[in-house]
Amino acid sequence: MARIVAIANQKGGVGKTTTCVNLTAALHGLGYRVLMVDCDPQGNGSSGMGVKKTSRPNTYDLLINQAAPEECVVHTPYGDVIPTGKELAAASVELIGKENREYVLKTALQQLYADYDYILIDCPPSLELLTVDALVAADSVLIPMQCEYYALEGIADLMTSIKMCSKRLNRRLKVEGIVLTMFDGRANLSNQVAGELRRHLGDKVYQTVIPRSVRLSEAPSHGVPGVLYDKANKGSKAYMALAEEFSARCK
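Computed from a prediction, not measured in an experiment: that's the story for all the values here. (Residues numbered from 1 in each chain as written. Predicted model: local features only at pLDDT ≥ 70, side-chain atom pairs only at ≥ 80, totals over all residues. Heavy atoms only, no water.)

Draft legend 1. Quick peek at unusual backbone geometry. Omega for the peptide link from Arg56 to Pro57 comes to 0°, which places this bond in the cis form. Locating Pro57 in the fold gives a position in the loop between helix H2 (44-48) and helix H3 (59-64). Located in the positive-phi region is Asn100, a residue other than glycine, with phi close to 50°. With respect to the secondary-structure elements, Asn100 resides in the loop between helix H5 (91-95) and helix H6 (104-109). (Helix = DSSP H or I, 4+ residues; strand = E, 2+ residues; numbered from the N terminus.)

Right, here's the structure in full:
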């Protein structure tokens, strides 16, 4: 049965979608059956996997129109994707009227449990209803975090939200770990933030650190995950190492 991991951070620009796309592709490259579910209305995860944002049925149809989950899946050379588009922005409002609205995504994904080893959910950069649905569906939360002060401030709020969700809606939910992204080893601040996190959260912080990389930023414009766009790049190698560490921890 699949292990479901929500990749979340309410702060934007921390490498959340980049992490979701590249971890999906890296795990697929290691031989795992992986599905990425794009729950971010921006749809950057979909295009990063080479899937058009206009592809239907998509996450919106899955949540709102009761589309069959298997019909929403798009197969790519880098792993499977349930894509999304701009229509998903309305889903938070439309879900409010639904019975058991926090469990809609979980119920839909249950039909795909046997088909995958990992299901990774790319969450919106906010703590809205779409994110709550993802947290309820997930076994754990992976938190990409940029090494800067504001990101350090926001991590406490996210931890509180995860704890509340675990208490009220999904008792099995736990923090899978924190991944340090956009790391610049030459900057004192990056090292200070990393040190603070490791001191307070210990093993929850992954040993693998994702460095700043122009090549990773270029990859989405070509519709190819960074780990395949330039395999020799330091960012690509870091995400491959992250996939190995992630899978080892999950075992």
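Alright, that's what it looks like, and here's the rest.
Draft legend 2. Main features of the sheet that holds strand E6 (residues 140-146). If you trace the eight strands from one edge of the open sheet to the other, you get E3-E4-E2-E5-E1-E6-E7-E8, paired in mixed fashion. Edge positions in the sheet fall to strand E3 (74-76) and strand E8 (205-211), since each of these pairs with one other strand and no more. With direction set aside, neighbouring strand axes in the sheet form an average angle of 25°. In this sheet, strand E5 (residues 118-122) lies alongside strand E2 (residues 34-38) in parallel orientation, the contact comprising five bridges. (Pairing = 2+ DSSP bridges. Axes fitted to C-alpha atoms, helices over the stretch in contact; angles between N-to-C directions.)

Draft legend 3. Here's a closer look at the pairing of strand E1 (residues 3-7). Within E1, four of the five residues are buried, leaving the element largely enclosed by the surrounding structure. The pairing of E1 with E5 spans five bridges and is classified as parallel. Its bridge partner being in E5, Val5 is matched across the sheet by Leu120. Looking at chain direction, E1 and E6 are connected through three bridges and run parallel. In the sheet register, Ile7 faces E6, and the bridge partner there is Leu142. (Buried < 20%, exposed > 50% of the residue type's maximum accessible area, 1.4 Å probe, protein only.)

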